[in-house]
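In case you want the letters, here they are:
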Amino acid sequence: MEQLLRAELRTKTLRAFGSPGGGYISEGRAYDTDAGPVFVKVNRRTQARQMFEGEAASLEALRGTGLVRAPRPLKVIDLPGGGAAFVMEHLKMKSLSSQASKLGDQMADLHLYNQRLREKLKEKENTVGQGAEDAEPQYVSKFGFHTVTCCGFFPQVNEWQEDWPTFFTRQRLQAQLDLIEKDYGDREARELWSRLQVKIPDLFRGLEIVPALLHGDLWAGNVAEDNAGPIVYDPASFYGHSEFELAIALMFGGFPRPFFTAYHRKLPRAPGFDRRLLLYQLFNYLNHWNHFGPEYRGPSLGTLQRLLK
């Protein structure tokens with residue numbers, strides 16, 4: 001492994017430091033190199049390259065806004081015998097605490113970024129002689145992403161859709177329930193889902209949803225801080241509804257309250273927020289059921305039942 005990294009990174013220095021890190025999906029290790037410290041994630045699954053390329057594209061998109069800090073992706077490397085390694089900038093991180101409010105502020109700006117591009121575009125269209133400039137960031141009018149991303153190790157379909165409820169129902173919830181059907185054939189899940197899917201459009205009635213660039217997996221384990229401010233990592237980005245991001249931010253330990261206070265100062269809750277949050281939490285419970293097994297069956301079915309009341 002170290003020989004491969006030396007060759008791929010064209011470095012004489014390759015010195016591991018710190019403790020090896022093991023996440024739920026991949027293993028990680030930090031190294032000193034000729035060009036500075038890097039962090040290397042390793043995954044032996046056959047789909048590891050696709051997973052890491054989606055993560056690299058997500059990091060590039062987030063960094064490209066200039067609104068949030070995230071590690072700079074450097075290289076995806078195929079491993080002999082299968083799997084891949086993902087090399088990125090190493091950032092010395094500690095748990096999010098004092099920077100929670102600042103992160104809430106930054107995430108709200110990130111979610112408003114595409115909307116502000118739309119407003120700029122409208123202004124330009126109303127100005128005689130102003131043409132589009134290719135070098136400028138372009139407004140994204142649909143929901144999806146330009147490549148496959150993985151929330152965990154399952155590839156997510158990111159094909160562009162005009163309509164958010166259609167995108168979310170088909171390409172997020174239905175995709176998760178298809179996996180549950182394949183692995184468990186759960187009759188209760190199937191029956192509850194058949195009743196819920198016809199009600200989903202009602203949760204979005206009267207709401208204008210502008211596609212927002214999302215981190216896509218913003219739980220407490222994917223954020224941190226250093227002396228310069230907050231950091232986000234391990235994204236599974238796509239353009240979606242900003243509220244989707246907040247569902248997992250409230251689950252599995254959740255974020256400090258100042259995060260939400262700062263966020264909602266810029267992006268207030270819209271009518272029906274709590275019901276839609278439950279719908280978005282359903283996706284996360286289903287995703288955990290598919291990744292970690294039947295201990296998440298109860299929360300998944302319970303959320304389906306609550307949405308049907």
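Refer to the structure printed above.
What counts and what doesn't
- Residues numbered from 1 in each chain as written.
- Predicted model: local features only at pLDDT ≥ 70, side-chain atom pairs only at ≥ 80, totals over all residues.
- Heavy atoms only, no water.
- Helix = DSSP H or I, 4+ residues; strand = E, 2+ residues; numbered from the N terminus.
- Rg over C-alpha atoms; globule rule 2.2 N^0.38 Å.
- Buried < 20%, exposed > 50% of the residue type's maximum accessible area, 1.4 Å probe, protein only.
- Contact = heavy atoms within 4.5 Å.
- Lys, Arg positive; Asp, Glu negative; His and termini not counted.
- Charge placed at Lys NZ, Arg CZ, Asp CG, Glu CD.
- Salt bridge = Lys/Arg side-chain N within 4 Å of Asp/Glu carboxyl O.
- Axes fitted to C-alpha atoms, helices over the stretch in contact; angles between N-to-C directions.
- Parallel < 35°, antiparallel > 145°, perpendicular 65-115°, else oblique.
- Left-handed = near helix turned anticlockwise from the far one by under 90°.
- Phe/Tyr/Trp six-rings, centres within 6.5 Å; stacked < 30°, edge-to-face > 60°.
- Lys NZ or Arg CZ within 6 Å of the ring centre and 35° of its normal.
- Core = buried A, V, L, I, M, F, W, Y, C linked by side-chain atoms within 4.5 Å.
- Expected span 1.5 Å × (residues − 1).
- Bend = angle between axes of the 7 residues up to and from the residue.

**Student:** Which parts of the structure should I look at to understand the overall build of the chain?
**Tutor:** If you tally the helices and strands in the chain, you get 9 helices and 11 strands. For the chain, the C-alpha radius of gyration of 20 Å lies close to 19 Å, the compact-globule estimate for 309 residues. Seen through its C-alpha atoms, the chain measures out along the principal axes to roughly 60 × 60 × 35 Å. Within the chain, buried positions represent 50% of all 309 residues. When contacts within the chain are restricted to residue pairs at least 6 apart in sequence, those whose partners lie at least 24 apart make up 66%. Charge-centre separation for the chain: the mean point of 39 positive side chains lies 3 Å from the mean point of 37 negative side chains.

**Student:** I would appreciate a short explanation of the pattern of salt bridges in the present structure.
**Tutor:** Pairing of side chains with opposite charge becomes possible as their charged atoms draw close. One pass over the structure, following the stated rule, counts 21 salt bridges. Of the charged contacts, one joins Lys 41 and Glu 55 as a salt bridge, the two residues approaching to 2.9 Å between their closest N and O atoms. Taken together, the residues span a long stretch of sequence, with Lys 41 in strand β3 (residues 36–43) and Glu 55 in helix α2 (residues 48–64) at a distance of 14 residues. No difference in accessibility class separates Lys 41 from Glu 55, as the two residues are buried. Across the pair Asp 183 and Lys 182 runs a salt bridge whose closest N-O atoms are separated by 3.5 Å. Residue Asp 183 is classed as partly exposed on the basis of its relative accessible area, which comes to 44%. Classification of Lys 182 by relative accessible area gives exposed; the value is 65%.

**Student:** Before we go on, may I ask you to explain the packing of helix α8 (residues 273–292) against helix α9 (residues 297–308) in this structure?
**Tutor:** To characterise two packed helices, one gives the angle between the axes of the helices and the distance between these axes. Between α8 and α9, the shortest axis-to-axis distance is 9 Å and the interhelical angle comes to 155 degrees. Judged by the angle between their axes, α8 and α9 are roughly antiparallel. Crossing hand, α8 versus α9: left-handed. Contacts between α8 and α9 pair Arg 275, Leu 278, Leu 279, Leu 282, Tyr 285, Leu 286 and Trp 289 from the former with Arg 297, Pro 299, Ser 300, Leu 301, Thr 303, Leu 304, Arg 306, Leu 307 and Leu 308 from the latter.

**Student:** Mind showing me how you'd approach the side chain of Arg 118 here?
**Tutor:** Counting through the fold element by element, Arg 118 comes out in helix α3 (residues 100–125). The exposure class of Arg 118 is buried, given its relative accessible area of 17%. Not counting residues within four places of it along the chain, the set of residues in contact with Arg 118 comprises Tyr 139, Glu 208 and Val 210.

**Student:** I would appreciate a short explanation of the packing of aromatic side chains in the present structure.
**Tutor:** In this description, a pair of aromatic rings is defined by centroid distance and the angle of the planes. What the rule picks out here adds up to 23 aromatic pairs. The interplanar angle of 55 degrees and the centroid separation of 5.5 Å between the aromatic rings of Phe 244 and Phe 283 together place this pair among those described as tilted. Note that Phe 244 is positioned in helix α6 (residues 242–249) and Phe 283 in helix α8, a separation of 39 residues in sequence. The exposure classification of Phe 244 matches that of Phe 283, with both residues buried. Ring-pair connections join several aromatic residues into one group, and the members of that group are Phe 143, Trp 164, Phe 167, Phe 168, Phe 204, Phe 238, Phe 244, Tyr 280 and Phe 283. Residue placement shows Arg 45 over the ring face of Phe 153; its charged tip is 3.6 Å from the ring centre.

**Student:** Please explain the nonpolar core as it appears in this structure.
**Tutor:** Soluble globular proteins: nonpolar side chains tend toward being buried together. Residues Met 107, Trp 164, Leu 173, Leu 196, Val 232, Phe 259 and Leu 279 are the most contacted members of the largest nonpolar core, which totals 74 residues. It is α8 that contributes the most residues to this core, 9 residues altogether. With residues near it in sequence (within four places) discarded, Val 232 still touches Leu 62, Val 68, Arg 69, Ala 70, Pro 71, Leu 103, Met 107, His 215, Leu 218, Asn 222 and Val 223.

**Student:** What exactly am I supposed to notice about helix α4 (residues 164–184) here?
**Tutor:** Because each turn of an α-helix spans 3.6 residues, side chains separated by three or four positions end up pointing in the same direction. With 21 residues, α4 should reach 30 Å at 1.5 Å per residue; the first-to-last C-alpha distance of 28 Å fits that figure. Approximately 35 degrees is the largest bend angle found in α4, and it occurs at Gln 174. Inspection of α4 places Trp 164, Pro 165, Phe 167, Phe 168, Thr 169, Gln 171, Arg 172, Leu 173, Gln 176, Leu 177 and Ile 180 among the buried residues, and these make up the whole buried set. Gly 185 sits one or two positions beyond α4 and adopts a positive phi of about 55 degrees.

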